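Summary of structural features
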Amino acid sequence: MLDVSLFAAFVVAALALCLTPGPDMMFVVAMGGRGGPITGVMAALGVAFGASVHAVAAMLGLSALFTALPTLYHVLRWAGAAYLLYLAVKAFRDRGTVEAADGTPAAGGPGRRRAFWQGAITNLLNPKVILFNIAFLPQFVNPALGHTVAQFMVLGITLVTIGLAVDATIGLLSGRLADLLKRSRRAARALNIFSGTVFTGLAVRLAAGAPR
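Computed from a predicted model, the values in this text were never measured in an experiment.

The next subject is the overall build of the protein chain. On a plain count of helices and strands, the protein chain comes out with nine helices and zero strands. If you list the helices and strands of the protein chain from N to C, you get α-α-α-α-α-α-α-α-α. For the protein chain, the proportion of its 212 residues judged to be buried stands at 46%. Across the protein chain, contacts joining residues at least 24 apart in sequence account for 80% of those joining residues at least 6 apart.

See the structure below:
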């Protein structure tokens, strides 16, 4: 069902792609910095969920809607930028808190469930992820082998799994570092400012139409 040489090349390319710092990784770092290691991992899981939806959409051909309806692309792009700005405002207003043991924020920080859904929404509202799947995945599908939908599915699952492994590790490490720094209220406040700055930068990047 799969071309082994093509699949091996895909794994190498996907790993290189996921290890390259990008919007998703920066988002996970910011969330781990605000809420701690578990929050960082939950944000990574949310991003992976969003990426899975995008992969399925590309597999089913739903991404062709962006070609037929370019306005939809811009609406989604601006919605994503607005949501990131909303997260930035929340981060800037946070005075520096530590997540409680049950996963809820002590006073305004991101809870674990919220981190998951924020990661998912941020990824889902980025139309460039869809366009990336359109351009990237088909290069590693061999139509001569048949079962193209199944090939897309395997490639999509592989890409999401590699991305999750990398982002979850980054989220865990950034969260642990943040936990050490949060012993100082001033450092905790600085982490929130850093997170807000990251969210603002991602919003500007998305609104400006910069490549993924």
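From this point, the discussion proceeds with the structure in view.
Residues Phe49, Val53, Trp117 and Ile121 make up a contiguous nonpolar surface patch of about 350 Å² in total accessible area. Elements with a minimum of two residues in the nonpolar patch: α3 (37-60) and α6 (112-124). Mapped onto the secondary structure, Trp117 falls in helix α6. Among the residues examined, Trp117 registers a relative accessible area of 48% and is labelled partly exposed.

Describing two packed helices takes the angle between their axes plus the distance from one axis to the other. At a minimum axis distance of 7 Å, the contact between helix α2 (residues 23-35) and α3 shows a crossing angle of 150°. On the basis of the axis angle, α2 is roughly antiparallel to α3. The element α2 and its partner α3 pack so that their crossing is right-handed. Only Thr39, Gly40, Ala43, Ala44 and Val47 of α3 make contact with α2, whose side of the interface consists of Asp24, Phe27, Val28, Met31, Gly32 and Gly35. Taken together, the residues of the contact of α2 with α3 break down into six nonpolar, four polar and one charged.

Scoring rules and cut-offs
Residues numbered from 1 in each chain as written. Predicted model: local features only at pLDDT ≥ 70, side-chain atom pairs only at ≥ 80, totals over all residues. Heavy atoms only, no water. Helix = DSSP H or I, 4+ residues; strand = E, 2+ residues; numbered from the N terminus. Buried < 20%, exposed > 50% of the residue type's maximum accessible area, 1.4 Å probe, protein only. Contact = heavy atoms within 4.5 Å. Patch = residues over 30% accessible without salt bridge, like charges linked within 9 Å, V, L, I, M, F, W, Y side chains within 5 Å. Areas by Shrake-Rupley, 256 points an atom, 1.4 Å probe, with all protein chains shown as cover. Salt bridge = Lys/Arg side-chain N within 4 Å of Asp/Glu carboxyl O. Axes fitted to C-alpha atoms, helices over the stretch in contact; angles between N-to-C directions. Parallel < 35°, antiparallel > 145°, perpendicular 65-115°, else oblique. Left-handed = near helix turned anticlockwise from the far one by under 90°. Nonpolar A, V, L, I, M, F, W, Y, C, P; charged D, E, K, R; others polar.

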